[in-house]
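Understanding the architecture of this molecule
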Amino acid sequence: MLKSMGILLIATAILLIEVPPLLEKKYKKELLVFSILLVIGVGLSIAQGLGKTIPNPMDLLTYMFKPLNDVIAHLSK
Amino acid sequence: MMQNVKINSYQFLILVTLFSIGTSILIVPSVLATAAKQDAWIVAIFGTGIGLLVIWLFCTLAQWFPHLTFIQVTEKILGKWVGKAVSLLFVFMSFIYASSLLFYSGTFLNTHLMPNTPMVALNILMAIIIVMGVRLGLETIARSAEILILFFFVLFLFLVLFISPEVKFENVQPVYEAGTRTIVQSSLSFIEVTSVNAIVLLMIFPAFINKFKQAKKSFLIGNLIGGIVIIILTFLSVSVLGADNTAAEFYPSYELAKRINLGDFIQRIEALMAALWIIALYFKTTLYFYASVLGIAQILNLKDYRPLTIPLGMIVVVLSLVIYPNVVYQQNWNATTGIFFSYSIGLFLPLLLVVVYAIRKKQLKKSPESSSV
């Protein structure tokens, strides 16, 4: 719980630093991308802080390259 | 989109050098010694030679579009949608590698220097300075590299001078026992770390350099200097520690620093030498992170990349804790999937771009916007 609170506090601080200049310059698209990334970042951090398992992108890559890997392993025997 | 950031070719030389040394300084000697035993240093020489060819390929690709970054080049050559999809893969790679390097620095500090500090804290500290560097821009990164490289090479010189009395030439004999086949095979991972991954430098190489001709030379020279540093370190690790110890050790060059003993007076200075690793790792991670942040901004046609740095920094820290559950997984992944992943983006993709460019040359030349931005 404490960890989530801390992460939310940090996220608020980031919002306070980043958003006013963006609004001032009317960068709408930047603001949208920034918010999406921040939501993902906060979500992942809280999930990690609470000890939930986060899917590992390396496993996805291993799965993608498995056929190639098998062929090379077979050839280099 | 274009920031008016320009660095000169000397600064670029330093960035390339630090990038090539980057992670190789920590892990490459051990990886090479596992397969090639006492001939690890021959593998490093061979790998540096092939690596220069790879860099030459990057230069060729870059000189056709001297004002565009790699993301814009793929978009230009492959068309808008295919280009964007391929660029996404490229950004994904640099982002994943940024977090994996964060994992390296975290584990290194955690196992050797600060065993009681949780790895999250070390990763967050490192990530904060990386985000800081990227927010301040490429010029600031390049200037700080200019200062720190002096420090780096002085320490490196100390390491080489102080350890040289311990060199035992029996450890590298018999020379060339491994045979050509093993040498070529094990050089693959060396080329991957020092040269193929240097594709992320194409995000800064033609676009943000003020003199292209000199920069091309410094790309090659920087890679060569990086290669020579790794060759020296590999040779020293094998000849001081022996081939089997080098292979068994996870950070052989750190072990090397522990062996320094000058007249029973100068000894155990490895904590000082750790500065070498931290400097090199920091710049490599920063360049990866810079490439991914700028890449995302350019794919989405944003006017400024700076707002994205902090949220992406948060994601990088989380990923760095997740991507490698343990060191065995890491070594296994690096030896199999990592190689294919790097080669398909760092070597196959540029080759594909070269071929497509050769086919579409006339068509691309006709459209006026390809010559200038």
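Residues numbered from 1 in each chain as written. Chains lettered and ligands numbered in written order. Predicted model: local features only at pLDDT ≥ 70, side-chain atom pairs only at ≥ 80, totals over all residues.

Counting secondary structure elements, chain B contains 14 helices and two strands. In terms of C-alpha radius of gyration, chain B reaches 20 Å, essentially the compact-globule figure of 21 Å for 373 residues. Along the first, second and third principal axes, the C-alpha set of chain B runs to 70 × 45 × 35 Å. A sequence separation of at least 24 residues applies to 84% of the contacts in chain B between residues at least 6 apart. (Helix = DSSP H or I, 4+ residues; strand = E, 2+ residues; numbered from the N terminus. Rg over C-alpha atoms; globule rule 2.2 N^0.38 Å. Contact = placed C-beta atoms within 7 Å.)

Turning our eyes to something else, we now look at the packing of helix α4 (residues 70–78) of chain B against helix α5 (residues 80–113) of chain B. Residue and element names in this part refer to chain B. Taken N-terminus to C-terminus, the directions of α4 and α5 make an angle of 145 degrees; their axes are 7 Å apart at the nearest point. Here α4 runs over α5; the crossing is right-handed. For the pair α4 and α5, contact is made by Phe70, Ile71, Thr74, Glu75 and Leu78 and by Lys80, Val82, Gly83, Lys84, Val86, Ser87 and Phe90, respectively. By residue class, the composition of the contact of α4 with α5 is six nonpolar, three polar and three charged. (Axes fitted to C-alpha atoms, helices over the stretch in contact; angles between N-to-C directions. Left-handed = near helix turned anticlockwise from the far one by under 90°. Nonpolar A, V, L, I, M, F, W, Y, C, P; charged D, E, K, R; others polar.)

Attention now moves to the interface of chain B and chain A. With 21 residues of chain B at the contact, the number on the chain A side is 24 residues. When contributions to the side of chain B that touches chain A are tallied by element, the ones reaching two or more residues are α13 (309–322) and α14 (327–366) of chain B. Partitioned by chemical class, the residues of the side of chain B that touches chain A number 17 nonpolar, two polar and two charged.

All right, on to the confidence of the model for chain B then. Residue and element names in this part refer to chain B. Overall, the prediction assigns chain B a mean pLDDT of 88, with 97% of residues at 70 or greater. Put simply, strand β2 (residues 266–267) is where chain B has its lowest mean pLDDT, 81, and helix α6 (residues 119–136) is where it has its highest, 93. Confidence estimates for the predicted assembly give a pTM of 0.93 and an ipTM of 0.91. (pLDDT = per-residue confidence, 0-100.)

Turning to the nonpolar core, a few remarks are in order. Grouped together as the largest cluster of nonpolar side chains are 139 residues, with contacts concentrated most on Leu15, Leu201 and Val293 of chain B. A total of 17 residues in this core trace back to one element, the largest contributor, which is helix α12 (residues 270–299) of chain B. (Core = buried A, V, L, I, M, F, W, Y, C linked by C-beta atoms within 7 Å. Buried ≥ 20, exposed ≤ 12 C-beta atoms within 10 Å, placed from the backbone.)

When two helices pack together, their arrangement is given by the angle between the helix axes and by the axis-to-axis distance. All names here are of chain B. Two elements in contact, α5 and α13, have axes separated by 8 Å at closest approach and are oriented at 60 degrees. When you trace α5 past α13, the crossing you get is right-handed. Where α5 abuts α13, its residues Ala98, Ser99, Leu102, Phe103 and Gly106 lie against Val316, Leu319 and Ser320. Split into classes, the residues belonging to the contact of α5 with α13 amount to five nonpolar, three polar and no charged.

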